[in-house]
Protein chains: 2
Amino acid sequence: MLGTNSCHEKPEQNVTAGKPAFVAVDWGTSSFRGWLMTADGNALAETRGPEGMLHCATAGFAPVLADHLARLGGMQNLPVLICGMAGARQGWIEAPYLHTPTRLDALHDGAQRVDTQGDVRILPGIAQADAAAPDVMRGEETQLLGVTEPGFTGLVCIPGTHSKWVWIESGSVVSFTTYMTGELFSVITQHSILKHAVDHDAPSPAANDAFRDGLQRALDAPAGLTASLFSLRAAQLLGFQQQADGTARLSGLLIGTEIADAGSRYGTRHPVRLIGAGALKDLYASALAAAGFDVTIVDAERASQHGLTKAAIHLWGAQFT
Amino acid sequence: MLGTNSCHEKPEQNVTAGKPAFVAVDWGTSSFRGWLMTADGNALAETRGPEGMLHCATAGFAPVLADHLARLGGMQNLPVLICGMAGARQGWIEAPYLHTPTRLDALHDGAQRVDTQGDVRILPGIAQADAAAPDVMRGEETQLLGVTEPGFTGLVCIPGTHSKWVWIESGSVVSFTTYMTGELFSVITQHSILKHAVDHDAPSPAANDAFRDGLQRALDAPAGLTASLFSLRAAQLLGFQQQADGTARLSGLLIGTEIADAGSRYGTRHPVRLIGAGALKDLYASALAAAGFDVTIVDAERASQHGLTKAAIHLWGAQFT
C-alpha cells in the first residue's frame, strides 16, 4: 500500500525502484505541477509553472506539456497521467464526471486518452448530480484516492479556495460539500469595506488569539457570518480590536463557519483526514481539533502523487514491472 | 404626530403649512440628498448629487452644501440639519456616537454645530459599544426616529449595503445588528467565480421562483451559506439551474441568511417596520412575510425626512411658529 502520512517513504528494494515509470501531472485552473514518478510512487523530479487551464485554453495544452516533459529530462516516451481542470469541458479534452456514489479505485476507468503524441490520459472529476445538493470536484478525487485505503470509511477535508468535505464509505465517495471559504476570504479582503479592517503585512503577535476568537464565534453561531463580518469592522472603529489582528480573525470566522456546517452535516465522531499544505493546513488542523475532530494530516502534493500512482498502476502496471 | 406609512400626507391647515422652515440633508458615503422642508415635515423641493463623504473629504463639505442650498432656491438663511456620514470621524465634523441604550427623541441633544456660515448641525450616529457585539450606525438612527412614535416597542429592518436590524423598546434603541448582505451580493457577483453564475441583464420570468428557492434554502439552513454559494455554480454546471436565475437565487440566499439570523436573535413575534425603497424593499417585504414576520413598509426617504423634522422641531421649533 502507498503510505499516506509521510513525505519520505523508503523506496522498496526491487528492480523498479528508482526507475522512471510515468509522468504525473496535477493541472489546475492556474497552475501546472508535474513529477517524474517511479512505479512505487516516488517523485524523482519535479516541474511547475503558472500555465493552468485558463492560460492553456488560449495558448494550447500540448506545447505546455511538451515543454514540461523536456524539463523533466526528455521523458517523451513515458505515459502521462493528468488530474484536474485540464479535464474540464473548457480544458484540453473533457473527462466527464463520474457520479456519486462512485468507487475511488475505479477512477482510472473514467480516464480519457488525449489525441496527441504519446500515451496521455486525463482522470475524471466527480459530480454530485443531486438537484438538492449539486456539487462538483476536479483534482480532489485523485487526492482522495491517494489518501484512502481500499475499504476506507470516514471524512476527508481539503481546504482551499473551494474547500471540500467528503464522506467516503468503504472506498466509495458517497457525498461531498464545497465551501467557498478561501475565495470569500480573498474577495472580502480585497474588495469589501473589510479591506480597511485587515493588514496584509506580517501577522501580529496576537494573531493566534484573534484566529481562535473568530473561530469560536463562528462555531457558536455559524448562521451569523454576515453579521460577524460587519462586526469585525465595527469592533475596530470602537477600539475593541486591532487592525493587525483582522486577517486572523476573519480567517477564523470563515473557517469556523465551514467547520460548524460540515460538522452538523457529517457529524464530528468520524476521524478526518486533512489534505493540505503550509499555513492553511496548520490553521485547519488547529480549528478541526478545537471543533472536536480527530485529525490526521496528509501533505497535498503527496496525496496527488499517490492518487495518480494508484491510477497509473491500474492503467499501465503491466509495463511497469 | 408625523405619519410613518404614507408618502403623501395632507399638510395641516395652519399658518406654517407650505412655508420653508429648514433644510434637511441625508449626507451619505457616496450621495447627497437635500430637501427644503416645512415645519410639519413636507418636502417642498429636493436636490441630490453624488458628492458623498468620500468626495467631500478631499473636495470640502462647505462648497457642496452651498451649491445644493442654491439649487433649493437660495435658502441660505434657513437652519440646516444633516444626518449620515458627514458626521463621521472622517466627515465634516465628528458628531460622536450616542451609545445604546439611547432614546431616539434625544438624538438632537447629540447634534454638533458646524463652524461655518449659517446654523448647520449634524446629528450623531449610534454605537453599540459592547465588545461581544460591537456595532455602529450613521443615518439609520434618524430614519428610526422618523418611523417610530415616542413609546414604540418593536423591530425595524433597514435593508441595504449594510442591512440593520434594530430592537427598540419604549422609544429607546436597545440593540442592533448589521449584516453585510448588500455588499456581499455586490463583491460576490463582481469578483468571485459566481460572476459566471449571474446574468446582469433583465431577470428571467422564473426569477421570483428562484428568489424564493434561494430564500427558503437559507431560512432552512442559514449556517450553510458558504456552501450554498458554491452550490449555485455547481447547479448550473450540472444543468439543474439557469444562469438567468442566478441573480435572484443569490439574492434569496443572502437575504434569507440575514432574516434567519435576525429571527433567531430577536424572535419573529414582534411586528417589523421595514424601511426601504424600490425593488429591494419589495424583495424584503416578500421575504419577511415568508419568514413569518408581520411587516409594515415605510419609504426610506420619508423616514429620513420625518426623523430630521422631528429633531429640527426640538432644535428650532420656537422659530418655526
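Quick notes on the rules
Residues numbered from 1 in each chain as written. Chains lettered and ligands numbered in written order. Predicted model: local features only at pLDDT ≥ 70, side-chain atom pairs only at ≥ 80, totals over all residues. Heavy atoms only, no water. Helix = DSSP H or I, 4+ residues; strand = E, 2+ residues; numbered from the N terminus. Rg over C-alpha atoms; globule rule 2.2 N^0.38 Å. Buried < 20%, exposed > 50% of the residue type's maximum accessible area, 1.4 Å probe, protein only. Contact = heavy atoms within 4.5 Å. Areas by Shrake-Rupley, 256 points an atom, 1.4 Å probe, with all protein chains shown as cover. Lys, Arg positive; Asp, Glu negative; His and termini not counted. Charge placed at Lys NZ, Arg CZ, Asp CG, Glu CD. Core = buried A, V, L, I, M, F, W, Y, C linked by side-chain atoms within 4.5 Å. Buried area = accessible area lost by both parts, 1.4 Å probe. Salt bridge = Lys/Arg side-chain N within 4 Å of Asp/Glu carboxyl O. Polar contact = N/O pair within 3.5 Å; in protein donor to acceptor, adjacent residues only side chain to side chain. Pairing = 2+ DSSP bridges. Axes fitted to C-alpha atoms, helices over the stretch in contact; angles between N-to-C directions. Domains from an automatic or database assignment. Nonpolar A, V, L, I, M, F, W, Y, C, P; charged D, E, K, R; others polar.

- For chain A, the name recorded in an unreviewed UniProt entry is 2-dehydro-3-deoxygalactonokinase, with Tardiphaga robiniae as its organism.

**A look at the overall build of chain A**
Inference 1: What chain A contains, in helices and strands, is nine helices and 15 strands.
Inference 2: Relative to the globule expectation of 20 Å for 321 residues, the C-alpha radius of gyration of chain A, 21 Å, shows essentially globular dimensions.
Inference 3: For chain A, the residues scored as buried account for 58% of the 321 residues in total.
Inference 4: In chain A, 63% of the contacts between residues at least 6 apart in sequence involve partners at least 24 apart.
Inference 5: Just so you have it, chain A exposes about 12700 Å², and 51% of that area is on carbon and sulfur atoms.
Inference 6: Charge centroids of chain A, computed over 22 positive and 31 negative side chains, lie 1 Å from each other.

**Considering the nonpolar core**
Inference 1: Core analysis: the biggest nonpolar cluster contains 36 residues, and Leu-229 of chain A together with Leu-229 of chain B have the highest contact counts within it.
Inference 2: Elements supplying a minimum of two residues to this core: α4 (181-191), α6 (225-237) and α7 (246-266) of chain A together with α4 (181-191), α6 (225-237) and α7 (246-266) of chain B.
Inference 3: When residues no more than four places from it in sequence are discounted, the contact partners of Leu-229 of chain B are Met-180 and Leu-184 of chain A together with Ile-188, Leu-194, Leu-250 and Leu-253 of chain B.
Inference 4: Core analysis: the next-biggest nonpolar cluster, separate from the first, contains 34 residues, Ala-21, Ala-24, Leu-145 and Ala-311 of chain B among them.

**A word on the interface of chain A and chain B**
For interface size, the figure often reported is the accessible area lost on association.
Inference 1: With 43 residues of chain A at the contact, the number on the chain B side is 43 residues.
Inference 2: Approximately 3600 Å² of surface area, both sides summed, lies buried where chain A meets chain B, with 71% of it carried by carbon and sulfur atoms.
Inference 3: For the chain A face of the interface with chain B, the top three residues by lost area are Met-180, Thr-226 and Phe-230 of chain A, together amounting to 18%.
Inference 4: For the pair chain A and chain B, the number of links is zero salt bridges.
Inference 5: The interface formed by chain A and chain B holds seven residue pairs in polar contact (both at pLDDT 80 or more) in total.
Inference 6: Breaking the side of chain A that touches chain B down by element, the ones donating at least two residues are β9 (126-128), β10 (135-137), β13 (172-179), α4, α6 and α7 of chain A.

**With respect to the pairing of strand β2 (residues 32-38) of chain B**
All names here are of chain B.
Inference 1: For β2, the buried fraction is high: six of the seven residues fall into the buried class.
Inference 2: Looking at chain direction, strand β1 (residues 20-27) and β2 are connected through seven bridges and run antiparallel. Among the inter-strand pairings, Trp-27 is bridged to a residue of β2, identified as Phe-32.
Inference 3: Between β1 and β2, which pair antiparallel and follow one another directly, the connecting turn spans four residues.
Inference 4: Relative to strand β3 (residues 43-49), β2 is paired through six bridges, and the arrangement is antiparallel. If you follow Met-37 over to β3, its bridge partner there is Ala-43.
Inference 5: Here β2 folds back onto β3, and the loop between the two strands holds four residues, one of which, Gly-41, carries a positive phi near 90°.

**A short note on the sheet that holds strand β3 (residues 43-49) of chain A**
All names here are of chain A.
Inference 1: On the basis of which strands lie adjacent, the open sheet formed by six strands has the order β3-β2-β1-β4-β8-β7 and mixed pairing. Across the chains shown, the open sheet's two edge strands, defined by having one partner strand only, are β3 and β7 (112-113).
Inference 2: Sheet topology places strand β1 (residues 20-27) next to strand β4 (residues 80-84); five bridges connect them, and they run parallel. Bridge pairing in β4 links Val-25 to Ile-82.
Inference 3: Of the strands in this sheet, β1, β2 (32-38), β3, β4 and β8 (120-122) are in contact with helix α2 (residues 62-71), which crosses β3 at around 140°.
Inference 4: Of the strands in this sheet, β1, β2, β3, β4 and β8 are in contact with helix α9 (residues 300-320), which crosses β1 at around 135°.

**Some words on the domain arrangement of chain A**
Residue and element names in this part refer to chain A.
Inference 1: You can read the domains of chain A as domain 1 (20-179 + 299-320) and domain 2 (181-298).
Inference 2: Opposite the 25 residues of domain 1 that make contact, domain 2 presents 23 residues.
Inference 3: Roughly 2100 Å² of surface becomes buried between domain 1 and domain 2 when both sides are summed, with 64% attributable to carbon and sulfur atoms.
Inference 4: Interface area lost by domain 1 to domain 2 is led by Leu-155, Trp-165 and Tyr-179, which between them contribute 33%.
Inference 5: One can count one salt bridge joining domain 1 with domain 2.
Inference 6: The salt bridge partner of Arg-273 is Glu-149, with a shortest N-O separation of 2.9 Å.
Inference 7: Inspection of the domain 1/domain 2 interface yields 20 residue pairs in polar contact (both at pLDDT 80 or more).
Inference 8: Counting residues per element, the ones that place at least two in the side of domain 1 that touches domain 2 are α3 (140-147), β11 (154-158), β12 (163-169), β13 and α9.
Inference 9: Per-element accounting of the side of domain 1 that touches domain 2 gives the leading share, five residues, to β11.
Inference 10: Broken down by class, the residue content of the side of domain 1 that touches domain 2 amounts to 14 nonpolar, nine polar and two charged.

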